[in-house]
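Observations on the three-dimensional arrangement
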Amino acid sequence: MKCLIVFGLIVALFGAFVGYGYVVFTDLTKPLPKPEFKDDTYWGPGDAKDFVPDDKIYEFKLQVPQSEIDDLRKELNRTLRLTDPLDGIAFEYGFNTYALAQFVDYWRDKYLTKWDERQELFNSFKQYKTEIQGLNIHYIHEKVSEEVKETKHVYPLLLLHGWPGSVREFFDFIPMLTKHSNITDYAFEVVAPSLVGYGWSDAATRPGFNAAEMATVMRNLMLRLGHKKFFIQGGDWGSIIGSNLATLYPENVIGYHSNMCVLHSPLAILKGIYGSFYPEKYLPNRFFVDHHFPVWDKWLELLQESGYFHIQATKPDTIGAALTSSPVGLASYILEKFQTCTNPGLQQDFGAIVTVFGLETVLDNLMVYYLTNSATTAARFYLENVSKEYRDLQLDRVQSPVPMGCARFRFDLPSVTDWQLRDKFPNLTHSMYFQQGSHFAALEMPAMLFNDFTAFVAKIGLHGEVRK
């Protein structure tokens, strides 16, 4: 009799444990409602009650004083006190100091001598500034010609960059989107802002400016320009911001296209672990398995390459002080990320950056950070996005009805599968795998990104309906 009682207790306890586990699992994995979110928070200097809004739009033109270029040249002309690499080491320990010395020589002796030409390239795009929520926001705004309007479907497009990128990433991509010569039926009125705290946009003056707040400012910029509904395309932080915008303000988004499709909800993580045991079951083709699996290897890879993330998410002002006070240090820090974001076959190659991106291109991007002194303010964005305030929003668990398109480039950060992505975007309408390319898709292979983006657009109606 005692044995039966004990057995009954064990069964009851086991049942309670299973039941409790089910409740916990359901609570952790169910979709959450969209949170209430304030869309007019003041982020500028001083007190909001003393703020006088200015909704005017001002033309912007890059005009760097020659004295600033001369000062940079003097900085780069100082004797470099660099430590030689270890024997047999290329870039395994970080950016190779032999390569760095060559970059500095080129930057000083060749690049800066043709700065007028580089500045002219920046100014070849129509640029403006306008005040949004107390912050002066810089943006490229390229419209289409009347000829294009007569022959193509024209949509507004918000293009979003990330770190350590800038609007410079889009210089080859934008003309493909706006010109009559593109072979699709679509063209785009492109708005490409410098993110808050990046480039020529103001930085927030108080803590709390996370990706949801960034999404709000970007959405309000589009409303300021008269675009109540628009497409979004983004990678890196631009992907996170675009996802947040499509989640918080779905009524304003026709479609959202990402070239960094990540999701960190509990359910997505569990599915990733489970999918490691049956990888081909959740992919359109077995050739794409190494985009996602083995998941443990992907996590290890992220751990090895995310030291900068931990620094910027904990002590951004410390690394910022080092970078803003030394152009050579800034170059080493940023160029190392571009070196890493080539592909595994080139990462140890001294010519990888030149081969994949072009020397002038990466130096243009570097100049954006140097001229605007934005290394610190850009790094702070990382800390804001690991804060409890942002994490408590749990936006990865809030579904968005917006049509979503995903482009996965082979050597980018590990993306999630469609099986995982549909938990967040049930209206996933376009999914593509590329067996080449890396993190800076708009910079490295703009034509491929353009083809994928327009293929996504072709599946979407003006108001966001999926075309059958």
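The following refers to the structure shown. Here the structure is a predicted model, which is why all the values come from computation and not from measurement.

On to the overall build of the protein, then. A count of helices and strands for the protein gives 20 helices and 9 strands. Taken over the C-alpha trace, the protein has a radius of gyration of 24 Å; the compact-globule value for 468 residues is 23 Å, and the two agree within 12%. If one aligns the C-alpha atoms of the protein with their principal axes, the spans along those axes are about 95 × 60 × 50 Å. In the protein, which comprises 468 residues, the proportion classed as buried is 54%. Partitioning the contacts of the protein with sequence separation of at least 6, the portion at a separation of at least 24 is 78%. Approximately 22,000 Å² of the protein is accessible, and the part contributed by carbon and sulfur atoms is 57%.

Attention now goes to the packing of helix H2 (residues 66-76) against helix H15 (residues 359-372). Relative orientation and spacing of two packed helices are given, respectively, by the angle between their axes and the distance between those axes. In the contact formed by H2 and H15, the axes pass within 12 Å of each other and the chain directions differ by 105°. It follows that H2 is roughly perpendicular to H15 by the angle criterion. On H15, the residues touching Glu68, Ile69, Asp71 and Leu72 of H2 are Met367, Tyr370 and Leu371.

In this section: the pattern of salt bridges. For the structure on display, the rule yields 18 salt bridges. The shortest N-O distance in the salt bridge between Arg410 and Asp290 comes to 3.3 Å. Of the two residues, Arg410 sits in the loop between strand E8 (404-409) and helix H18 (418-424) while Asp290 sits in the loop between helix H9 (266-275) and helix H10 (295-305), which places them 120 residues apart along the sequence. A relative accessible area of 19% means that Arg410 is categorised as buried. Overall, the relative accessible area of 32% leaves Asp290 in the partly exposed class. For Glu336, the salt bridge goes to Lys337, with nearest N and O atoms at 3.3 Å.

Moving on to the sheet that holds strand E4 (residues 153-160). Spatially, 9 strands are ordered E1-E2-E3-E5-E4-E6-E7-E8-E9 in an open sheet, and the strand pairing comes out mixed. Each of the sheet's edge strands pairs with one partner strand only, and the pair in question is strand E1 (57-60) and strand E9 (428-434). Neighbour to neighbour, the strand axes of the sheet diverge by 25° on average, direction disregarded. Against the sheet, helix H8 (residues 237-248) touches E4, strand E6 (230-234) and strand E7 (253-258), its axis set at about 155° to E7.

About the criteria used
- Residues numbered from 1 in each chain as written.
- Predicted model: local features only at pLDDT ≥ 70, side-chain atom pairs only at ≥ 80, totals over all residues.
- Heavy atoms only, no water.
- Helix = DSSP H or I, 4+ residues; strand = E, 2+ residues; numbered from the N terminus.
- Rg over C-alpha atoms; globule rule 2.2 N^0.38 Å.
- Buried < 20%, exposed > 50% of the residue type's maximum accessible area, 1.4 Å probe, protein only.
- Contact = heavy atoms within 4.5 Å.
- Areas by Shrake-Rupley, 256 points an atom, 1.4 Å probe, with all protein chains shown as cover.
- Axes fitted to C-alpha atoms, helices over the stretch in contact; angles between N-to-C directions.
- Parallel < 35°, antiparallel > 145°, perpendicular 65-115°, else oblique.
- Salt bridge = Lys/Arg side-chain N within 4 Å of Asp/Glu carboxyl O.
- Pairing = 2+ DSSP bridges.

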